[in-house]
Amino acid sequence: QVQLVESGGGLVQAGGSLRLSCAASRNIFDFGAMAWYRQAPGNPRELVATITNDGKTYIADSGKGRFSISKDNAKNTVYLQMNSLNAEDTAVYYCKLIDGRYPDTWGQGTQVTVSS
């Protein structure tokens, strides 16, 4: 069993930045990969970014050039840095563990609201 706790969401003006954190209850170096997803009202949950055990990253088109993902193994924490935010980025952001041993492991989500 692994618990994921997101933090760092909030209200920000368009053009602003936020850094989201996802703290895991176990050593993240043991896991295959971790990901950030988001879900806006009325929309399906969508992938935002992933980071593998060895540090390879992927950013979805929606965040390319504005978002970055990183991790701190010592703190068991994954980060999502979001810059140049706009209203379309308003959503609940979720952290997910990508590892076959722990299927369907999500955090509780953190709300990001961008005011225009």
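Structure's up top.
Reference entry: report on the structure contained in this document.

This brings us to the packing of aromatic side chains. Applying the stated criterion to the full structure yields three aromatic pairs. Here the aromatic rings of Phe31 and Tyr102 are separated by 5.7 Å at their centres, their planes lie at 75°, and the arrangement is edge-to-face. On the criterion of sequence distance, the pair formed by Phe31 in the loop between strand S3 (18–24) and strand S4 (33–39) and Tyr102 in the loop between strand S9 (91–98) and strand S10 (105–106) is long-range, its members being 71 residues apart. Tyr102 carries the same exposure label as Phe31, and that label is buried. Summarising the aromatic geometry, the rings of Tyr94 and Trp106 are spaced 6.3 Å apart at their centres and angled 90° between planes, so their arrangement reads as edge-to-face. One end of the pair, Tyr94, is in strand S9; the other, Trp106, is in strand S10, and 12 residues separate them in sequence. Owing to a relative accessible area of 13%, Tyr94 belongs among the buried residues under this scheme. The structure contains a cluster of three or more aromatic residues connected by ring pairs, namely Tyr37, Tyr94 and Trp106. The ring of Tyr79 is capped by Arg19, whose NZ or CZ atom sits 4.2 Å from the centre of that ring. We note Arg45 situated over the ring of Trp106; from NZ or CZ to the ring centre the distance is 4.5 Å.

Our next topic: the nonpolar core. In terms of nonpolar packing, the biggest core is built from 29 residues, with Met34, Trp36, Leu80, Met82 and Tyr93 touching the most fellow members. When residues no more than four places from it in sequence are discounted, the contact partners of Met34 are Leu4, Cys22, Ile28, Ala49, Thr50, Ile51, Ile69, Val78, Cys95, Lys96, Leu97 and Ile98.

As a further point, take the environment of Asn76. Mapped onto the elements, Asn76 comes out in the loop between strand S7 (67–72) and strand S8 (77–82). Residues Asn76 and Gly109, spaced 33 residues apart in sequence, show a C-alpha to C-alpha distance of 17 Å. Apart from residues lying up to four places away in sequence, Asn76 is in contact with Cys22, Ala23, Ala24, Arg26, Asn27 and Ile28. In terms of polar contacts, Asn76 uses its side chain to reach the backbone amide nitrogen of Ile28, at 3.4 Å.

What counts as what
Residues numbered from 1 in each chain as written. Predicted model: local features only at pLDDT ≥ 70, side-chain atom pairs only at ≥ 80, totals over all residues. Heavy atoms only, no water. Phe/Tyr/Trp six-rings, centres within 6.5 Å; stacked < 30°, edge-to-face > 60°. Helix = DSSP H or I, 4+ residues; strand = E, 2+ residues; numbered from the N terminus. Buried < 20%, exposed > 50% of the residue type's maximum accessible area, 1.4 Å probe, protein only. Lys NZ or Arg CZ within 6 Å of the ring centre and 35° of its normal. Core = buried A, V, L, I, M, F, W, Y, C linked by side-chain atoms within 4.5 Å. Contact = heavy atoms within 4.5 Å. Polar contact = N/O pair within 3.5 Å; in protein donor to acceptor, adjacent residues only side chain to side chain.

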